Amino acid sequence: MQTDIDPRNLIGRKAFDRNGTKIGTVDEVYLDDATGVPEWAAIRTGLFSRDAFVPLEPSRLVEGTLHIPFERSLIKDAPDFGVGRHLSPEQELQLYHHYGLDVGTPPPLADHDFGRLAGTDDS
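Residues numbered from 1 in each chain as written. Predicted model: local features only at pLDDT ≥ 70, side-chain atom pairs only at ≥ 80, totals over all residues. Heavy atoms only, no water.

As recorded by an unreviewed UniProt entry, the chain carries the name Photosystem reaction center subunit H and is attributed to Streptomyces asoensis.

Draft legend 1. Examining the confidence of the model for the chain more closely. Per-residue confidence for the chain gives a mean pLDDT of 84, with 80% of residues at or over 70. Ranking the elements of the chain by mean pLDDT puts strand β5 (residues 60-62) last with 91 and strand β1 (residues 14-16) first with 97. (pLDDT = per-residue confidence, 0-100. Helix = DSSP H or I, 4+ residues; strand = E, 2+ residues; numbered from the N terminus.)

Draft legend 2. Spotlight on the nonpolar core. Formed by 25 residues in total, the largest nonpolar core has its most connected members in Trp40, Ile43, Phe53, Leu66, Ile68, Ile75 and Tyr99. Going through the elements one at a time, β2 (22-31), β3 (38-44), β4 (51-55) and α2 (89-98) are the ones with two or more residues in this core. Residue contacts for Ile68: discarding those within four places in its chain leaves Ala15, Phe16, Asp17, Arg18, Ile23, Ile43, Val54, Ser59 and Ile75. (Core = buried A, V, L, I, M, F, W, Y, C linked by side-chain atoms within 4.5 Å. Buried < 20%, exposed > 50% of the residue type's maximum accessible area, 1.4 Å probe, protein only. Contact = heavy atoms within 4.5 Å.)

Draft legend 3. Seen up close, the sheet that holds β3. What the six strands build is an open sheet, ordered β4-β3-β2-β1-β6-β5; its pairing is mixed. Where the open sheet ends on each side, the last strands, each with one partner, are β4 and β5. Mean inter-strand twist for the sheet, computed between neighbouring axes without regard to direction, equals 40°. In the sheet, β5 pairs with strand β6 (residues 65-67) via three bridges, with the strands oriented antiparallel. (Pairing = 2+ DSSP bridges. Axes fitted to C-alpha atoms, helices over the stretch in contact; angles between N-to-C directions.)

Draft legend 4. Inspection of unusual backbone geometry at higher detail. For the bond from Glu57 to Pro58, the omega torsion is 25°, close enough to zero to count as cis. Looking at the secondary structure, you find Pro58 in the loop between β4 and β5. Backbone geometry at Glu63 places phi at a positive 50°, although glycine is not the residue there. Mapping Glu63 onto the fold places it in the loop between β5 and β6.

Draft legend 5. Inspection of α2 at higher detail. For α2, the full list of buried residues reads Gln91, Glu92, Leu95 and Tyr96. Taken down its axis, α2 places every buried residue within 145° of arc, on the same side. Summarising the geometry of α2, the exposed residues directed more than 90 degrees from the buried face are Glu90 and His97. If you follow the buried residues of α2, they end up packed against β3 and β4. Once α2 finishes, Gly100 follows within two positions and takes phi at roughly 70°, a positive value. (Arc of directions from axis to C-beta.)

Draft legend 6. Just the pattern of salt bridges, in detail. All chains considered together, the criterion is met by three salt bridges. One salt bridge in this structure joins Asp51 and Arg44, with 2.9 Å as the shortest N-O distance. Overall, the relative accessible area of 4% leaves Asp51 in the buried class. Through salt bridges that share partners, Asp27, Arg44 and Asp51 make up one connected network. (Salt bridge = Lys/Arg side-chain N within 4 Å of Asp/Glu carboxyl O.)

Structure (structure tokens):
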């Protein structure tokens, strides 16, 4: 997924659900392993609460706050993997399914012409 959100500017920002209800504060940002693009944010949902993972696409940064287009209850019920650790592909897949997001297929690898095959004759 692609997003224009700069992860360096997210930590400590307030986060709101689709109805404008405050969810909490952005605690961490997780980047895609392959692309380095910010993909998930961990939102601290309260003083003694856990962090909830939210997708940064299709979320938007508006006037200094993160707006997540899902209901607060869905966000708070997101799978809990703990923060400060790497998200595995399986955990990311669980999050995509939780939010009902399509998991895009990766772009095809470029087709390269590496010349003649060994043992072939071009004559």
